[in-house]
Every structure is written in structure tokens, then in C-alpha cells.
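So you can see what is in the structure, the chains are spelled out below.
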Amino acid sequence: MTDEVAKDLTERWRQKLSTTRMNELQSRSSSPAPRGFASQTPHNAPPPSYSSLRNIPLVPMPPQDHKQLRFKNLMHSLSNMPCRWENPGLLDEALKAIPLEQIYNEAEEESQIFKAEAESLGTGKKPAWGYQDCVVRALLRWFKRSFFTWVNNPPCSQCYSPTIAYGMAAPLPDERARSATQVELYKCSVEECGCYERFPRYNDAFVLLQTRKGRCGEWANCFSMLCRAVGSRVRWVWNSEDHVWTEVYSVHRKRWIHVDSCEEAWDRPRLYTEGWGKKIAYCVAFSADGATDVTRRYVRNILKYGLERTRVPEAVLHYIIAEIRATRRANMSKQDKFRLQGEDMREERELRYNYITAIAQEICKIDPEDILRPGSGVGNRRADPDAQKAAEGRQSGEAEWIRRRGEGGRGTPGQNQNPPDLPPR
Ligand SMILES: [Zn+2]
């Protein structure tokens, strides 16, 4: 019986080989058409377009037309933001607005806990976070819980009733002097009152220390400046959809850490995609010493959460970023330039690693059942543990905060606030 089966299999295998060989010979002799057209079996189907791999290093190319030039100008103007914080006198002044002693005490306590945790895990283990990381973590808690306020519609200052959006107004001289280029106008919802409320959108982080309110633009601006004031290297991350946040350099971890002051989020870069279900095209980080396309830190699963990158060809984006780096580093010493170059390369490796790990994870999640019986839906029953982790913050009693912010993820929250090509507000 076994012999017969073996014989049968051998014969079938021989036939299969023979057919394949014949096909190959025919296609070689008949025409130079690509082999994919000869047969549609999976292993010689036409190759995929690889459009998702456009992040690979390219030769930088200067902007070619009006649209690309406009994007370049946008990038350059956004890149100025972190430079506005580089004012030692104002940073010293800003420290007076912070309960420094409380923050340093909390940081000291937390860093001791991280140390003890590491020691309990065995010798040679490094604490999860260093002291300076803990300073920023304490600053983050204080900023969100006791300092800054989120504003959608400012309440009426006469009768404290809710207001209704009424349009934009020109800034008054003193508003303009304090860095507001736009003023939103709101009308009291109580007929008899009829008061108008002005909401000037201030751009100056030091002015925001006094007003202490706004939307994500004001939050990220003021918080990033304060991180700088406590001595951290800081980045301002612009997202092409509608959000901005902060990155702080961790000397302890030797990498840039995601920090979102609106969310009190520390090192949760997958929050926006896997947490909120947001789709993202670009995230670009700007600092006083350069710019970096950090999209791959925030969008791990490009197929699921990546939006088509249509602003400029990738080679042009490389050119613009190189240009901004060169401008920012023009007056630096050779050693500093070299050090930053090394840092850029390390980060590129980190981002590439993120990307490759995400692909590997996706492959591991494929259920053999799906391949054997496509469409059976068996594979869908597995929930992604990372996505669940990322979503946790959003589900644990933060519903009210999300509602107030009007930013529940899914789609583009607050899209009316920002005309395209303006910095997110
Ligand atoms: Zn009123």
C-alpha cells in the first residue's frame, strides 16, 4: 500500500517537473515577454509595486515646481519654532513659573524607584529611565494636571455661559504685540447677554506662560519650551494631519522620546495610530540643530495607518531636510557637526529597525488557517496586543478629556481648525 502511494507521488512529481520545464522552454523561445504573463501561478506572478518602501534612502532632489516649493517653504517656516525657545534670559525667567523644587523632588524619588527596580532584577541591569527623564516626566504631570487648560470654545466672561463660534477677527495691537496673528471670535449663547469673547492664538511660548490655555498647538509650544528650560534637548514634532507634540532626548536611553503634554503621554509613539486609529502621512521633528522625518516612529504599520505621502516626492523631502540641517548647523564646530551626524545615523537605524520589526510582527500574525482557507475569517479573532496596549490610555477614564478636546481619533479630528499648510493650532 505504502509502496503504491510512493510510486504514485513520484510519478506525479515527475510529470509536474516535466510540465514546468516545458513551459519554461516555450516561454524562452517564443517571446521576450515577462515570465509573469506566461502563467499566473503565485511564484512567477508580476512583482508588487513596492510603493510602500518609498522611505528607503534616496538621492536628494531639489523642489521641481510651485507645489514642491510651497512645501519647502512650509517646512522651513515650521523649523523656526524650536529656535524661538533658544533664549537663555527668557528660559531662566520661565523657570520661575515652575514649582521647581516639587518637580526635582518627584524626579529624585521616581529615579530612585527605577534604580531599585533595576537592582532587584539583577546586577548589570540599567534603570528604565534616568534622572533627567524623570524631571521631564514630573514636569509633564504638573503641566497637564495643574498648569495648562484645554480650550475649545472659551466661556463668556460676563455670564460664564457657553459660547458659539462666530468667525475670525483681526488681532488688536496688543494681541499682535504678544504674538497673536489670528483671533477666534465667540458669541455668548445667552440671547440677553450677547457678549463676544476673543480667543487670540498666541504663538510665543513665553506669552503662553501667562495665558496658560489653548489647543494642542499652544500645549506643545509651551511645554516643549519648558523642557528646554529644565535643560533637556527638545524637538517639536509637526504632523501633517492636525496634531503637534514634543520629543525629548534621553541621554540615559540615547534616543528621542515621544512626549505629548495634552495626553500626559510619555514614550507612547503608537498612541495616535494604534490607540486613536488615526491615519498619518508625515511626522517631521524640528529642533534647534536640525530636522528629521520621524514618521516611522509613529506609524509602525504603514499598510494600516500610513496615508499616501503626496506633498512632494521622497527625494525632495530628503533634500529639504538636509537643507534645514545644514542651515541649523552652519555655525557649529566640526566636532558638533560630526556628533550630530552620528546621532542622525543612529536614529535612522532605529527607525529602520521599527519598520522591519513591524513587518516581521505582521507576518507572525498571519494565521495558517487564513492561507489554507482564505475568507474563513478565522484569523480575525486574534486581537493585536500592541494595539490594545496603545489604546489603554484612551479607555481608562479619559473619555471626558477626549470629549472636551473633540479629538476622539478616527478620521481627522478638529480638521476645521487648520487650513492646509498652516501649522496645527
Ligand atoms: Zn454671556
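All of these numbers come straight from a predicted model, not from anything done at the bench.

Peer 1: Residue-level account of the packing of aromatic side chains, with values.
Peer 2: In total, this model carries 19 aromatic pairs according to the counting rule given. Ring plane angle 75° and centroid distance 5.4 Å describe the contact between phenylalanine 148 and tryptophan 219, whose orientation is recorded as edge-to-face. Of the two residues, phenylalanine 148 is situated in the loop between helix H6 (131-147) and strand S1 (149-150) and tryptophan 219 in helix H9 (residues 216-229); the sequence distance between them amounts to 71 residues. Look at phenylalanine 148 and you get buried, because its relative accessible area is 5%. An aromatic cluster is defined as three or more aromatic residues linked by ring pairs; in this entry it consists of Trp142, Phe143, Phe147, Phe148, Trp150, Trp219 and Phe223. One Lys or Arg, arginine 233, reaches over the ring of tyrosine 249 and ends 4.8 Å from the middle of that ring. For arginine 253, the ring lying beneath its charged end belongs to tryptophan 129, and the centroid distance is 4.0 Å.

Peer 1: Summarise the pattern of salt bridges; cite the residues concerned and give the values.
Peer 2: Following the criterion strictly, the structure yields 29 salt bridges and no others. Among the ionic pairs, glutamate 247 bridges to arginine 235, the shortest N-O distance being 2.8 Å. Of this pair, glutamate 247 sits in strand S7 (residues 244-250) while arginine 235 sits in strand S6 (residues 234-239), and the two are 12 residues apart along the sequence. Of the two residues, glutamate 247 and arginine 235, neither departs from the other in class, the shared state being buried. In this structure, glutamate 348 engages arginine 296 in a salt bridge whose closest nitrogen and oxygen atoms are separated by 2.9 Å. Taken together, the residues span a long stretch of sequence, with glutamate 348 in helix H14 (residues 334-365) and arginine 296 in helix H11 (residues 295-298) at a distance of 52 residues. Residue glutamate 348 is classed as partly exposed on the basis of its relative accessible area of 22%. Here the residues in one salt-bridge network are Arg235, Glu247, Arg297, Glu347 and Glu350, joined through shared partners.

Peer 1: Break down the coordination of the zinc ion for me, citing the residues and quoting the values.
Peer 2: For the zinc ion, the full set of protein donor atoms is Cys156 (SG), Cys159 (SG), Cys188 (SG) and Cys193 (SG), and the range of their distances to it is 2.3 to 2.4 Å. Coordination at the zinc ion comes from four donor atoms whose angles at the metal span 102 to 116°, giving a geometry best classed as tetrahedral. We note that the donor set of the zinc ion lies within a single chain, spaced as C-x2-C-x28-C-x4-C.

Peer 1: Account for the environment of arginine 300, with residues named and values stated.
Peer 2: Looking at the secondary structure, you find arginine 300 in the loop between H11 and helix H12 (302-305). Beyond its immediate chain neighbours, meaning those up to four positions away, arginine 300 contacts Pro269, Arg270, Glu274, Asn354 and Ala358. Within the structure, the side chain of arginine 300 is placed 2.9 Å from the backbone oxygen of arginine 297, a separation counted as a polar contact.

Peer 1: How would you sum up the packing of H6 against H9? Please name residues and give values.
Peer 2: Close contact between H6 and H9 brings their axes to 11 Å; oriented N to C, the two are set at 145°. Note that H6 runs across H9; the crossing there is right-handed. For the pair formed by H6 and H9, the contact residues are Val136, Leu139, Leu140, Trp142, Phe143 and Lys144 on the first element and Trp219, Cys222, Phe223, Leu226 and Cys227 on the second. Classifying every residue of the contact of H6 with H9 gives 10 nonpolar, no polar and one charged.

Peer 1: Got a sec to walk through the packing of helix H3 (residues 66-78) against helix H13 (residues 314-329)? Specific residues and values, please.
Peer 2: It is at 10 Å that the axes of H3 and H13 come closest, and there the two elements cross at 35°. With respect to the hand of their crossing, H3 and H13 are arranged in right-handed fashion. Where H3 abuts H13, its residues Gln68, Phe71, Lys72, Met75 and His76 lie against Val316, Leu317, Ile320, Glu323, Ile324 and Thr327. The residue inventory of the contact of H3 with H13, partitioned by class, reads six nonpolar, three polar and two charged.

Peer 1: Give me the lowdown on unusual backbone geometry, citing residues and values where you can.
Peer 2: Backbone geometry places lysine 254, a non-glycine residue, at a positive phi of 55°. On the basis of relative accessibility, which here comes to 52%, the residue lysine 254 falls in the exposed class.

Peer 1: Give me the side chain of histidine 243: which residues, what numbers.
Peer 2: Turning to its location among the elements, histidine 243 is positioned in the loop between S6 and S7. Here aspartate 260 takes part through its side chain, which lies 2.9 Å from a polar atom of the side chain of histidine 243.

Peer 1: Describe the sheet that holds strand S11 (residues 290-293), naming the residues involved and giving the relevant values.
Peer 2: Taken together, six strands build an open sheet; the order of strands is S9-S8-S7-S6-S10-S11 and the sheet is antiparallel. Both outer strands of the open sheet, strand S9 (265-266) and S11, are each paired with one neighbouring strand and no more. Sheet analysis places strand S10 (residues 283-287) next to S11, joined by four bridges and oriented antiparallel. If you follow alanine 285 over to S11, its bridge partner there is threonine 292.

Peer 1: Go over a nonpolar patch on the surface with me, naming the residues and quoting the values.
Peer 2: Side chains of Ile359, Ile363, Ile366 and Ile371 sit close together on the surface and give an oily, nonpolar patch of about 400 Å² of accessible area. Relative to the assigned elements, isoleucine 366 resides in the loop between H14 and helix H15 (368-372).

Peer 1: Any details on the confidence of the model for the chain? Residues and values, ideally.
Peer 2: Parts of the prediction with low pLDDT should not have their coordinates interpreted in detail. For the chain, mean pLDDT is 84; residues scoring 70 or higher make up 78% of the total. Predicted confidence is poor over residues 28-42, with pLDDT under 50, and the contacts of this stretch with residues over four places away or in other chains come to eight contacts. Every residue in residues 408-425 scores below 50 in pLDDT, and together they form 38 contacts with partners more than four places removed in sequence or on other chains.

Peer 1: A description of helix H4 (residues 88-95) should follow, citing residues and the corresponding values.
Peer 2: Regarding H4, the residues found buried are Leu91, Ala94 and Leu95. All buried residues of H4 project into a common sector of 105° when viewed along the axis, lining one side. As for H4, its buried residues are in contact with helix H5 (100-120), helix H8 (205-211) and H9.

What counts as what
- Residues numbered from 1 in each chain as written.
- Predicted model: local features only at pLDDT ≥ 70, side-chain atom pairs only at ≥ 80, totals over all residues.
- Heavy atoms only, no water.
- Phe/Tyr/Trp six-rings, centres within 6.5 Å; stacked < 30°, edge-to-face > 60°.
- Helix = DSSP H or I, 4+ residues; strand = E, 2+ residues; numbered from the N terminus.
- Buried < 20%, exposed > 50% of the residue type's maximum accessible area, 1.4 Å probe, protein only.
- Lys NZ or Arg CZ within 6 Å of the ring centre and 35° of its normal.
- Salt bridge = Lys/Arg side-chain N within 4 Å of Asp/Glu carboxyl O.
- Donors = N, O, S within 2.8 Å, 3.2 Å for Na, K, Ca; no water.
- Tetrahedral: all angles 85-135°; square planar, octahedral: opposite > 155°, others 65-115°.
- Contact = heavy atoms within 4.5 Å.
- Polar contact = N/O pair within 3.5 Å; in protein donor to acceptor, adjacent residues only side chain to side chain.
- Axes fitted to C-alpha atoms, helices over the stretch in contact; angles between N-to-C directions.
- Left-handed = near helix turned anticlockwise from the far one by under 90°.
- Nonpolar A, V, L, I, M, F, W, Y, C, P; charged D, E, K, R; others polar.
- Pairing = 2+ DSSP bridges.
- Patch = residues over 30% accessible without salt bridge, like charges linked within 9 Å, V, L, I, M, F, W, Y side chains within 5 Å.
- Areas by Shrake-Rupley, 256 points an atom, 1.4 Å probe, with all protein chains shown as cover.
- pLDDT = per-residue confidence, 0-100.
- Arc of directions from axis to C-beta.

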